[in-house]
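A closer look at the structure
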Amino acid sequence: MPEAPLDDNDIILEVTAGVGGQEAMLFTKEIFEMYEKYALFMNWQVELYEHSTTELGGLRRASAGISGLGVYRFLKFEGGVHRVQRVPKTEKSGRVHTSTMTVAIMPQPKEIDIVIKPKDIEMDFSKSSGKGGQSVNTTDSCVRLVHKPTGIVAECQTERSQLQNRERAMKMLKARIYNKELEEQVANEWSTRRLQVGSRQRSEKIRTYNYPQDRVTDHRIGGNQSNLREFISGGQSLHCLIKCLLKESWKESLLEMYMYC
Amino acid sequence: MRSPVNIVSSILTKWTRIFSHNQVPEPSTSAGYLVAHVLGKKTIATVSKQARLSSKQLLHVQQLCLQRLQRRPVQYIVGEWDFCDLTLKMKPPVLIPRPETEELVHLVLADLNDRCPSSALIMDVGCGSGAICLWLLKNRPDDRSIAVDISTEACQLTRDNAESTDLLRRLAVHRCDVTTESASTLKWPQSFDVVVSNPPYITPAEMADLDPELTWYEDERALLGGGPDGMDIIKEVVRFSQQTLKRGGSLWLEVGLAHPPLLRQFVMQHCTGLNFIAAHPDFTGRYCILNSL
């Protein structure tokens, strides 16, 4: 299969809870863990950038850098809205609820792909650190970066070292800026393909996880996968679906080429 | 319905409130680190707020938080901290590395890679926990370093950290007071490509305002700069470096915000053979580079 230009890139994976309150946040946590396990399965490295948990054990949002061989290639079609249908743990009457979460897959730019002037970046530390020097003891190493020209923000506090938080925040910031540029380019292209990447996908429902019926349905290629629990454990089952998606995408791009030749 | 008292979110709320009430700085960050430590994690970021603590763990959290109530720095309670990507043991009264020093070592690394592509000899004056020399050695596999400190505890901690990071082979640590070292007793005349130092630089006025975390637990010798402008030890380090630097070698210093112009003046007037290159234009303007001519 021929490789698309960005296939080689590392990515930033972002998950955000959608509709459904606490249940959506629990589902977000499960999907994030699914991808963490998939990264392990694929021998990729994961660096945590953001992880905003809730009081009741859910995940509001999280970001992680994933690096390794073919990361973008395999994960690029995971971006979009994932939907879960099941009886929530807190539900007393046994009714099935539908909740959603969003996955965003952003390729990380290579050095040459993006130029950011240091003066365009504003750096905020927590109030007690930053300019303290020797006269302050601080453990609050949270770093927040703002790219002034675009207003894009990135924040990281997952590490004890302020420098490490800054490095991760910078990676996130660069990826977000890069992706904004990429999406602006792609927005002008017109395609009838079911398998696409970009901001259009952000609001598209791509997959439904139905617990009562124990099946996962990808809405782009149809068909059902059973054994939901195996699927969500981020191993062979997910990998098979992803390979199907890649094959389908390749077929579609060939078809498109034929149609417009 | 109230959450059970042994889940993480309740524990965090409780101790944040107690710290806050007792004017302990960074109350919620402190609670987060101490709970994370009991659960075997470095930060609270990935700890599930729903996780339950056993009674043994609850007791452990309490013990650690009581220490924090006595204003013991979190890094000393936990016994270790991260300096860039190095995890180092922390032990009172040895100075806890500050975030600014993480910047300094990156600047020095760039300089070393530029001027000494193969290998270099580095001196760390006032090594403390060993953060500076150990991080440089880790990132420059062919370099060797000598680290000195006036404190025996600091020297021992640097050696311990060198051992746990597998760098002891390339590092020698000596207890030494650079203010009393003279040219005749000097062991290493004109030997070093780089001398790096984060000397004590706090002024008497600032000392009066320091939090108990510093005054009760950290070595005053690592903080008090000496003299009305806090420059005394800095000047001694400069004098010492003048004798230990190779020709063309560099002295890198992290100093107080007000010090760079004072230091420039001092070097121009009293240090023939040393050139004040610049106060590095970083985000806090406290890094000085001096060159040995």
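Residues numbered from 1 in each chain as written. Chains lettered and ligands numbered in written order. Predicted model: local features only at pLDDT ≥ 70, side-chain atom pairs only at ≥ 80, totals over all residues. Heavy atoms only, no water.

**Quick word on the overall build of chain A**
Short version of the rule: In this description a helix means any DSSP run of H or I spanning at least four residues, a strand means any run of E spanning at least two, and both kinds are numbered starting from the N terminus. For the radius of gyration, the atoms used are the C-alpha atoms, and the globule rule reads 2.2 Å times the number of residues raised to 0.38. Burial classification: accessible surface area is computed with a 1.4 Å probe over protein chains only, and a residue below 20% of its type maximum counts as buried, one above 50% as exposed, and the rest as partly exposed.
A tally of regular secondary structure across chain A gives five helices and eleven strands. Radius of gyration (C-alpha) of chain A: 20 Å, near the 18 Å computed for a compact globule of 261 residues. C-alpha extents for chain A along the principal axes are approximately 65 × 60 × 30 Å. Evaluated residue by residue, chain A yields a buried proportion of 52% over its 261 residues.

**Here's the deal with the layout of surface pockets**
To keep it simple, the criterion reads: Here a cavity denotes a set of grid points, spaced 1 Å apart and computed over the protein atoms alone, in which a 1.4 Å probe fits but from which it cannot get out, and a pocket denotes an open set meeting protein on both sides within 12 Å along at least five of seven lines; residues with an atom within 4 Å of a point are reported as lining. Grid points are joined across faces, edges and corners, and a volume is the space filled by probe spheres set on the points. Each residue is assigned to one of three groups, with Ala, Val, Leu, Ile, Met, Phe, Trp, Tyr, Cys and Pro labelled nonpolar, Asp, Glu, Lys and Arg labelled charged, and all others, Gly among them, labelled polar.
In this structure, the second largest pocket encloses a volume near 680 Å³. What lines the second largest pocket is a set of 31 residues, and nearest its centre among them are His51(A), Gln157(A), Ile44(B), Ala45(B) and Lys49(B). Of all elements in the fold, only strand E2 (45-53), strand E3 (59-67) and strand E8 (152-156) of chain A together with helix H1 (8-21) and helix H2 (27-38) of chain B reach the threshold of two or more residues within the lining of the second largest pocket. Per element, the largest residue contribution to the lining of the second largest pocket is five residues, and it comes from E2(A). When the residues that make up the lining of the second largest pocket are grouped by side-chain class, the tally is seven nonpolar, 16 polar and eight charged.

**Notes on the pattern of salt bridges**
Formally: Whenever Lys or Arg places a side-chain nitrogen within 4 Å of a carboxyl oxygen from Asp or Glu, that contact is recorded as a salt bridge.
Evaluated as defined, the whole model comprises 33 salt bridges over all chains. Three or more residues are tied together by salt bridges with common partners; here these are Glu14(A), Glu50(A), Arg61(A) and Arg176(A).

**Examining the packing of H1(B) against helix H3 (residues 55-69) of chain B**
Residue and element names in this part refer to chain B. Just so we agree on the cut-off: All axes here are fitted lines through C-alpha atoms, helices being fitted over the stretch that makes contact, and every angle between N-to-C directions spans 0 to 180 degrees. Orientation is classified from the angle alone, with under 35 degrees giving roughly parallel, over 145 giving roughly antiparallel, 65 to 115 giving roughly perpendicular, and any other angle giving oblique. Take the far helix as your reference; a near helix turned counterclockwise from it by less than a right angle gives a left-handed crossing, and one turned clockwise gives a right-handed crossing. Contact definition: two residues touch when any of their heavy atoms are within 4.5 Å.
For the pair H1 and H3, interaxial distance at closest approach is 11 Å and the crossing angle is 20 degrees. Between H1 and H3, the interaxial angle falls into the category roughly parallel. Remark: the crossing between H1 and H3 carries right-handed chirality. Of H3, the residues touching H1 (which contributes Ile-11, Trp-15, Ile-18 and Phe-19) are Leu-58, Val-61, Gln-62, Cys-65, Arg-68 and Leu-69. Partitioned by chemical class, the residues of the contact of H1 with H3 number eight nonpolar, one polar and one charged.

**Points about a nonpolar patch on the surface**
Let me state the cut-off plainly: What makes a patch is a set of residues exposed beyond 30% relative accessible area and free of salt bridges, joined within 9 Å when like-charged and within 5 Å when nonpolar (Val, Leu, Ile, Met, Phe, Trp, Tyr). In this description, accessible areas are obtained by the Shrake-Rupley approach with a 1.4 Å probe, and a residue is regarded as covered only by the protein chains that are shown.
On the surface, Trp250(A), Leu254(A), Met257(A) and Tyr258(A) cluster together into a nonpolar patch covering about 460 Å² of accessible area. Topologically, Trp250(A) is positioned in helix H5 (residues 236-259).

**A word on the interface of chain B and chain A**
So the rule is basically this: Any pair of N or O atoms that falls within 3.5 Å is considered a polar contact. Within protein, one atom must be able to donate a hydrogen and the other to accept it, and sequence-neighbouring residues count only if both atoms are side-chain atoms.
Taken together, the 43 residues of chain B in the interface contact 30 residues of chain A. Run the count over chain B and chain A and you get three salt bridges. Close ionic contact of Arg160(A) with Asp82(B) constitutes a salt bridge, the shortest N to O distance being 3.1 Å. Inspection of the region where chain B meets chain A yields 20 residue pairs in polar contact (both at pLDDT 80 or more). Those elements that provide at least two residues to the side of chain B that touches chain A are H2, helix H4 (74-78), strand E1 (80-83), helix H5 (99-115) and helix H9 (212-215) of chain B. Here the element with the most residues in the side of chain B that touches chain A is H5(B); it accounts for five residues. Its residues placed into classes, the side of chain B that touches chain A shows 20 nonpolar, eleven polar and twelve charged.

**A look at the confidence of the model for chain A**
Quick note on the threshold: As a per-residue measure, pLDDT tells how confident the predictor is, with possible values from 0 to 100.
Chain-level pLDDT for chain A is 88 on average; 93% of the residues reach the 70-or-more range. Mean pLDDT across the elements of chain A bottoms out in strand E6 (residues 121-125) of chain A (85) and peaks in strand E4 (residues 80-86) of chain A (96).

**Topic: the pairing of strand E2 (residues 86-89) of chain B**
Note on strand geometry: in a regular strand, side chains alternate between the two faces of the sheet. All names here are of chain B. Basically, it comes down to this: Pairing between strands is defined by DSSP: at least two bridges between the two strands are required.
Because side chains alternate across E2, one face comprises the buried residues Leu-86 and Leu-88, and the other comprises Thr-87 and Lys-89, none of which is buried. Sheet analysis places E1 next to E2, joined by four bridges and oriented antiparallel. In the strand pairing of E2, Glu-80 is matched with Lys-89. The turn linking E1 back onto E2 is made up of two residues, and Cys-84 within it adopts a positive phi angle of 50 degrees.

**What about empty space enclosed by the protein?**
Under the definition given, this model contains three cavities of 30 Å³ or more. In this structure, the largest cavity spans a volume of roughly 160 Å³. Taken together, 17 residues form the lining of the largest cavity, with Thr138(A), Arg160(A), Trp81(B), Pro97(B) and Pro99(B) sitting closest to its centre. Listed by contribution, the elements that provide at least two residues to the lining of the largest cavity are E1 and H5 of chain B. Of the residues forming the lining of the largest cavity, the biggest block, three residues, is contributed by E1(B).

**Brief notes about helix H6 (residues 131-139) of chain B**
Counting buried positions along H6(B) gives seven out of nine residues, so the element sits mostly inside the fold. Those residues of H6(B) lying buried are Ala131(B), Ile132(B), Cys133(B), Leu134(B), Trp135(B), Leu136(B) and Leu137(B).

**Here's the deal with the packing of aromatic side chains**
Put simply, the rule reads: For Phe, Tyr and Trp, where Trp contributes only its six-membered ring, two rings pair if their centres lie within 6.5 Å, and the inter-plane angle classes them as stacked under 30 degrees, edge-to-face over 60, or tilted in between. By definition, being over a ring means that NZ of Lys or CZ of Arg is both within 6 Å of the ring centre and within 35 degrees of the ring normal.
Evaluated as defined, the whole model comprises seven aromatic pairs over all chains. Where Tyr38(A) meets Trp44(A), the ring centres are 5.6 Å apart and the plane angle is 85 degrees; that geometry is what we call edge-to-face. Note on accessibility: Tyr38(A) and Trp44(A) belong to one class, buried. Centroid distance Trp44(A) to Phe74(A): 6.4 Å. Interplanar angle 45 degrees. Geometry classified as tilted. With a gap of 30 residues between them, Trp44(A) in the loop between helix H1 (21-41) and E2 and Phe74(A) in helix H2 (residues 71-75) connect regions that are remote in the sequence. Overall, the relative accessible area of 14% leaves Phe74(A) in the buried class. Each member of the aromatic cluster is reached from another via a ring pair, and the members are Tyr38(A), Phe41(A), Trp44(A) and Phe74(A). Here the basic side chain of Arg160(A) rests over the ring of Trp81(B), its NZ or CZ set 4.8 Å away from the ring centre.

**Points about H3(B)**
Turn by turn, an α-helix covers 3.6 residues, leaving residues three or four places apart pointing in a common direction. Residues and elements named next belong to chain B. For clarity, the threshold we go by: In a helix, the anticipated span is given by 1.5 Å times the number of residues less one. Of all possible arcs, the one meant is that of the directions from the helix axis to the C-beta atoms.
An ideal rise of 1.5 Å per residue puts 21 Å on 15 residues; H3 measures up with 21 Å between its terminal C-alpha atoms. Those residues of H3 not exposed but buried are Val-61, Leu-64, Cys-65 and Arg-68. The buried residues of H3 occupy an angular sector of 100 degrees when the element is viewed end-on, so they sit on one face. Those residues of H3 that are exposed and angled more than 90 degrees off the buried face are Ser-55 and Lys-56. Where H3 is buried, its residues contact H1, H2, H4 and H9. Remark: Arg-71 follows H3 within two positions and exhibits a positive phi of approximately 70 degrees.

**With respect to unusual backbone geometry**
Residue and element names in this part refer to chain B. In this structure, Pro-93 follows Pro-92 across a cis peptide bond, with omega equal to 0 degrees. By the element assignment, Pro-93 lies in the loop between E2 and H5. Of note, Arg-71 is a non-glycine position whose phi angle comes to about 70 degrees, a positive value. Along the chain, Arg-71 falls in the loop between H3 and H4.

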